[in-house]
Amino acid sequence: MAKVLVVTSGKGGVGKTTSSAALGAALAHGGEKVVVIDFDVGLRNLDLVMGAERRVVFDLINVVQGDAKLNQALIRDKRMENLSLLPASQTRDKDALTEEGVARVLNELREKFDWIICDSPAGIERGATMAMRHADVAVVVTNPEVSSVRDSDRIIGLLDSKTELAEKGGRIEKHLLLTRYDPARAERGEMLKVDDVLEILSIPLIGIIPESEEVLRASNVGSPVTLNNPASAPGRAYFDAVRRLKGETVELTIPTDKKGLFGKLFGRRAA
Amino acid sequence: MNLLSFFNRRTSAPVARERLQILLAHERGIVGGKPDLVAQLREEILAVVRRHVMVEQDNVQVKMNRDSDISTLEIEIEIPGPGQVAASA
């Protein structure tokens, strides 16, 4: 039974696209058939983060409007054959996303894939509401920072009221993914702690992604961090999150990039 | 930064936490479906109580706390003492 997962946050720049790509690649690594859809119409970036920017021919809007077949728009990842990408349009308007069109595309994808990851745009407008509309599961990406937490709270409210599942009287499964977390700063009282954010948002935690240079290094080369460096701290944190997403109980730890003396002295290596 | 200010430095995360808790308690009331549910409850409760006892608008406090499992509604009505009661029945 295919699962539709929305990666959302309200606020921009907190790591939705990074997380969509990383979770998608980690799920695919475990043998699942995965498609990641970019809902950020007009400002697509998932293609770039996944290293497929030069392979985009057709996009989500073309498929929604019936101008292209789904198979023409899907881009299969060159590194993992069970990972695909459905890019957003760069030229069209977000109003081109119709609810019926999106529902039809998602139903077609449900036949082919185990996981359909919807990478939501920032904000609470059409692109964001369409990305969450038909979801079964939501991953709310939050930074330990006041504006991000406030926007996540707002998004949680929308997940509980504006999704198809919520309107039918059901409850969408919601998970918190805390990104860019710095345990040392949190310990010094300079950053909201994991427990502070959990207490305020009151949804279960799926993972803590530590602040790491590896994230930028991976996006520089167009590779999800879980693929580019699975052993890195964010890589391991995303793999743990995926195991929890699949229902496993995994002890909650915050992985660190361990550096030996040599690494500390010559830490600046090129990506 | 001198040594004294280093030790006196107040950590900022607890401030962030407190500001968020206050702000979100307010915003959840407005955004959570009905426009200002608490204000509406306050008006209606006041109307019912006034049928029997005259109370001032300011003497009715309605607070709502929302959590993932349970939400609580706290109502506090200050009723005038025996000397001041002017039964309106």
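Because the structure is a prediction, the values reported are computed rather than measured.

**A short note on the overall build of chain B**
Right, on to step 1. Across its full length, chain B holds three helices and two strands.
Right, on to step 2. Across chain B, helices and strands are ordered from the amino to the carboxyl terminus as α-α-α-β-β.
Right, on to step 3. For chain B, the residues scored as buried account for 13% of the 89 residues in total.
Right, on to step 4. A fraction of 32% describes how many contacts in chain B between residues 6 or more apart in sequence connect residues 24 or more apart.
Right, on to step 5. Of the accessible surface of chain B, which amounts to about 7000 Å², a share of 56% is contributed by carbon and sulfur atoms.

**Observations regarding unusual backbone geometry**
Backbone geometry follows two general trends: most residues other than glycine have a negative phi, and most peptide bonds adopt the trans configuration.
All names here are of chain A.
Right, on to step 1. Unusually for a residue other than glycine, Arg180 sits at a positive phi of about 60 degrees.
Right, on to step 2. You can see Arg180 is positioned in strand E7 (residues 173–181).
Right, on to step 3. Here Ser202, not a glycine, exhibits a phi torsion of approximately 40 degrees, which is positive.
Right, on to step 4. Checked against the element boundaries, Ser202 lands in the loop between helix H10 (194–201) and strand E8 (205–210).

**Topic: the interface of chain A and chain B**
Right, on to step 1. Contact with chain A, which involves 15 residues of that partner, is made by 16 residues of chain B.
Right, on to step 2. In total, about 1400 Å² of surface goes out of reach between chain A and chain B, with carbon and sulfur atoms giving 55% of it.
Right, on to step 3. When the buried area of chain A at its contact with chain B is split by residue, Val146, Arg150 and Ile200 of chain A rank highest and sum to 36% of it.
Right, on to step 4. Along the contact surface separating chain A from chain B lie four salt bridges.

**Here's the deal with the side chain of Asp47 of chain A**
Residue and element names in this part refer to chain A.
Right, on to step 1. Relative to the helices and strands, Asp47 resides in helix H2 (residues 46–49).
Right, on to step 2. The class of Asp47 is buried, set by a relative accessible area of 5%.
Right, on to step 3. Those residues in contact with Asp47 that sit more than four places away from it in its chain are Ala52, Glu53, Val56 and Leu85.

**Remarks on the pattern of salt bridges**
Residues and elements named next belong to chain A.
Right, on to step 1. For the structure on display, the rule yields 19 salt bridges over all chains.
Right, on to step 2. In this structure, the salt-bridge partner of Arg110 is Asp136, at a minimum N-O distance of 3.6 Å. Of this pair, Arg110 sits in helix H5 (residues 99–112) while Asp136 is found in the loop between helix H6 (126–133) and strand E6 (137–142), placing the two residues 26 residues apart along the sequence.
Right, on to step 3. In this structure Asp136 comes out as partly exposed when scored by relative accessible area, which is 24%.
Right, on to step 4. Between Glu190 and Arg185 there is a salt bridge whose closest N-O contact spans 2.9 Å.
Right, on to step 5. The structure contains a network of salt bridges with shared partners spanning Glu99, Arg133 and Glu167.

**Some words on H6 of chain A**
Right, on to step 1. With six of eight residues buried, H6 of chain A lies mostly within the body of the structure.
Right, on to step 2. For H6 of chain A, the complete set of buried residues consists of Gly127, Ala128, Met130, Ala131, Met132 and Arg133 of chain A.

**Some words on the nonpolar core**
A general trend in soluble globular proteins is that nonpolar side chains are found buried together.
Residues and elements named next belong to chain A.
Right, on to step 1. Formed by 52 residues in total, the largest nonpolar core has its most connected members in Ile37, Phe39, Leu86, Leu97, Leu109, Ile116 and Cys118.
Right, on to step 2. Per-element accounting of this core gives the leading share, five residues, to helix H7 (residues 146–159).
Right, on to step 3. Excluding residues that lie within four positions of it along the chain, Cys118 makes contacts with Val4, Leu5, Val6, Val7, Ile37, Phe39, Leu106 and Ala131.
Right, on to step 4. Grouped together as the second largest cluster of nonpolar side chains are 37 residues, Leu5, Ala26, Val49 and Ile75 included.

**Side note on the sheet that holds E7 of chain A**
Residue and element names in this part refer to chain A.
Right, on to step 1. Read from one edge of the open sheet, eight strands run E3-E4-E2-E5-E1-E6-E7-E8, paired in mixed fashion. The two strands at the open ends of the sheet, each matched to only one other strand, are strand E3 (75–76) and E8.
Right, on to step 2. Those strands touched by helix H1 (residues 16–29) are strand E1 (3–8), strand E2 (34–38), strand E4 (83–86), strand E5 (115–119), E6 and E7, and its axis lies near 170 degrees from that of E5.
Right, on to step 3. H7 rests against E1, E6 and E7 of the sheet, and its axis sits at about 165 degrees to E6.

**Quick notes on the side chain of Thr179 of chain A**
Right, on to step 1. Relative to the elements of secondary structure, Thr179 of chain A occurs in strand E7.
Right, on to step 2. Contacts of Thr179 of chain A, omitting those with residues within four sequence positions, involve Val14, Ser19, Val141, Thr142, Asn143, Pro144, Ile209 and Tyr238 of chain A.

**Examining the confidence of the model for chain B**
Residues and elements named next belong to chain B.
Right, on to step 1. Taken over all residues, the pLDDT of chain B has a mean of 74, while the share at 70 or more is 67%.
Right, on to step 2. Confidence, read as mean pLDDT per element, is least for helix H1 (residues 3–8) in chain B (58) and greatest for helix H2 (residues 13–31) (84).
Right, on to step 3. Interface confidence for the predicted complex, expressed as ipTM, amounts to 0.81; the pTM equals 0.81.

What counts, and where the lines are drawn
- Residues numbered from 1 in each chain as written.
- Chains lettered and ligands numbered in written order.
- Predicted model: local features only at pLDDT ≥ 70, side-chain atom pairs only at ≥ 80, totals over all residues.
- Heavy atoms only, no water.
- Helix = DSSP H or I, 4+ residues; strand = E, 2+ residues; numbered from the N terminus.
- Buried < 20%, exposed > 50% of the residue type's maximum accessible area, 1.4 Å probe, protein only.
- Contact = heavy atoms within 4.5 Å.
- Areas by Shrake-Rupley, 256 points an atom, 1.4 Å probe, with all protein chains shown as cover.
- Buried area = accessible area lost by both parts, 1.4 Å probe.
- Salt bridge = Lys/Arg side-chain N within 4 Å of Asp/Glu carboxyl O.
- Core = buried A, V, L, I, M, F, W, Y, C linked by side-chain atoms within 4.5 Å.
- Pairing = 2+ DSSP bridges.
- Axes fitted to C-alpha atoms, helices over the stretch in contact; angles between N-to-C directions.
- pLDDT = per-residue confidence, 0-100.

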